[in-house]
Amino acid sequence: MSLFGRLRGEEPGLLKRISVGMREGSGGLGEYLTEYALEHGRLPGYVRVFRNVLVPRSVGPTSESEIDVLMLHNTGIYVMESKNYSGWIFGSEGQRQWTQTFETGRKERFYNPIMQNRAHVKALSVHLGLPEDAFRSYIIFSERCELKKVPEDTDAFAICQRDHMLRVLRKDLAARDAVFDEDGLAKLVTAFEALESTSTEEAKSEHVAQAQRVKAGEVCPRCGGELVRRSGRYGEFMGCSNYPRCRYTRDV
Ligand SMILES: [Zn+2]
C-alpha cells in the first residue's frame, strides 16, 4: 500500500498520529511524512530514522544545525531536508538563491537547499568524526510543487519529490556498499540518541529564534556575531563585530 493510500484513510488512525507527530511551523508535516515513509517503506538492510536533531557546530551563524530527518543505514547516513513548497522550483547547484514561482507570477526566493543540507552534513561529519562521503544528502520536495529546473543527482546529493523518494532511495541503497558493521551502527545509534536527548523543545525554539535573527539581517549570516555600523573609505557599511576573525560586511 502506498503512503498516500494510507493517507486516504486506508490505515485508520494515521492522520491522528500525524497531527500528534507534527511540530508547529511549515516544515512539520513534510518531515513527518518523510519519516513515516522511511520507517514503513520496507527498505532493505538496517534502517533507523531520527527526526529534528540539533547538531552542535563551531562555524556558522547559529550554534547548531537542525536536521529534519536522518536515516542510518548500513550503506551510510542519509540526511534529508524537507521542502514543503508549492509552485514551480528553479535552481542550480552553484546559485545561492533558488526561486519558487507561483501561477500568479509572484516569485519567492529561498536559500539553495543543497548548500543548506551540505552545512548539515558538515556539522554531522565534524561531530561524529566521520568523513563527508559517509553521508548522502537528500532534498525532498513535496508533491505540491513542480521541479522545473533543478540539478541532476550526484554522488553527494539527490533531489526528488516525496512520492519518488523511496524509489530513488531503493536504487541508491542497492548501488552502495556497506560502510558500517553492527558495531559501527550501534555506536552511531548511541550518538544520535544523545543528540536527540539534547534536542529539547527549548533548544529547538532557541535555534529557531537564532535562525530568525539571521534571516532578518540582525546578525552576521556567517558567524552569528552582532552587526555594527562602521565607516570606511567608501562610506558607511555594516560589519561583523567579530572582525578580523570574520570579515562579513553588507550595505547599511
Ligand atoms: Zn561574522
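Given the structure is predicted, the values throughout are model-derived calculations rather than measurements. (Residues numbered from 1 in each chain as written. Predicted model: local features only at pLDDT ≥ 70, side-chain atom pairs only at ≥ 80, totals over all residues. Heavy atoms only, no water.)

(A) Up close: the environment of glycine 239. Structurally, glycine 239 is set in strand β11 (residues 235-240). Residue glycine 239 is classed as buried on the basis of its relative accessible area, which comes to 2%. Between the C-alpha atoms of glycine 239 and valine 219, which are 20 residues apart in sequence, the distance is 9.7 Å. Ignoring anything within four residues of it in the chain, the contact list for glycine 239 reads Glu226, Leu227, Val228, Arg230, Tyr248 and Thr249. (Helix = DSSP H or I, 4+ residues; strand = E, 2+ residues; numbered from the N terminus. Buried < 20%, exposed > 50% of the residue type's maximum accessible area, 1.4 Å probe, protein only. Contact = heavy atoms within 4.5 Å.)

(B) Focus on the sheet that holds strand β4 (residues 87-90). The strand order across the open sheet built from 4 strands is β6-β5-β4-β8, with neighbouring strands paired in mixed fashion. Two strands close off the open sheet at either side, each with one partner strand: β6 (107-111) and β8 (145-149). Strand after strand, the sheet turns through a mean of 30° between neighbouring axes, direction not considered. Its contacts with the sheet place helix α4 (residues 113-128) against β5 (97-101) and β6, and it is angled at close to 25° to β6. (Pairing = 2+ DSSP bridges. Axes fitted to C-alpha atoms, helices over the stretch in contact; angles between N-to-C directions.)

(C) Layout of helix α7 (residues 201-215). For α7, spanning 15 residues, the distance from its first C-alpha to its last is 21 Å, which sits close to the expected 21 Å at 1.5 Å a residue. For α7, the full list of buried residues reads Ala203, Lys204, His207, Gln210 and Val214. Here the buried residues of α7 occupy an arc of 120° about the axis, which is enough to place them on one side. Summarising the geometry of α7, the exposed residues directed more than 90 degrees from the buried face are Glu202, Gln212 and Lys215. In the core, the buried residues of α7 are packed alongside β1 (47-56), β2 (64-73) and α6 (182-198). Following α7 by one or two positions, glycine 217 adopts a phi angle in the positive range, close to 75°. (Expected span 1.5 Å × (residues − 1). Arc of directions from axis to C-beta.)

(D) Up close: the nonpolar core. Among the nonpolar cores identified, the biggest contains 21 residues, and Ile77, Leu124, Phe135 and Phe192 are the most heavily contacted of them. Of all the secondary structure elements, the ones that give two or more residues to this core are β1, β2, β3 (76-83), α4 and α6. With 5 residues, the single largest contributor to this core is α6. For isoleucine 77, the contacting residues outside a window of four places in its chain are Leu70, Met71, Leu72, Leu128, Leu130, Ala134, Phe135, Arg136, Phe180, Leu188 and Phe192. Listed in part, the 17 residues of the second largest apolar core include Leu43, Val69, Met165 and Val168. (Core = buried A, V, L, I, M, F, W, Y, C linked by side-chain atoms within 4.5 Å.)

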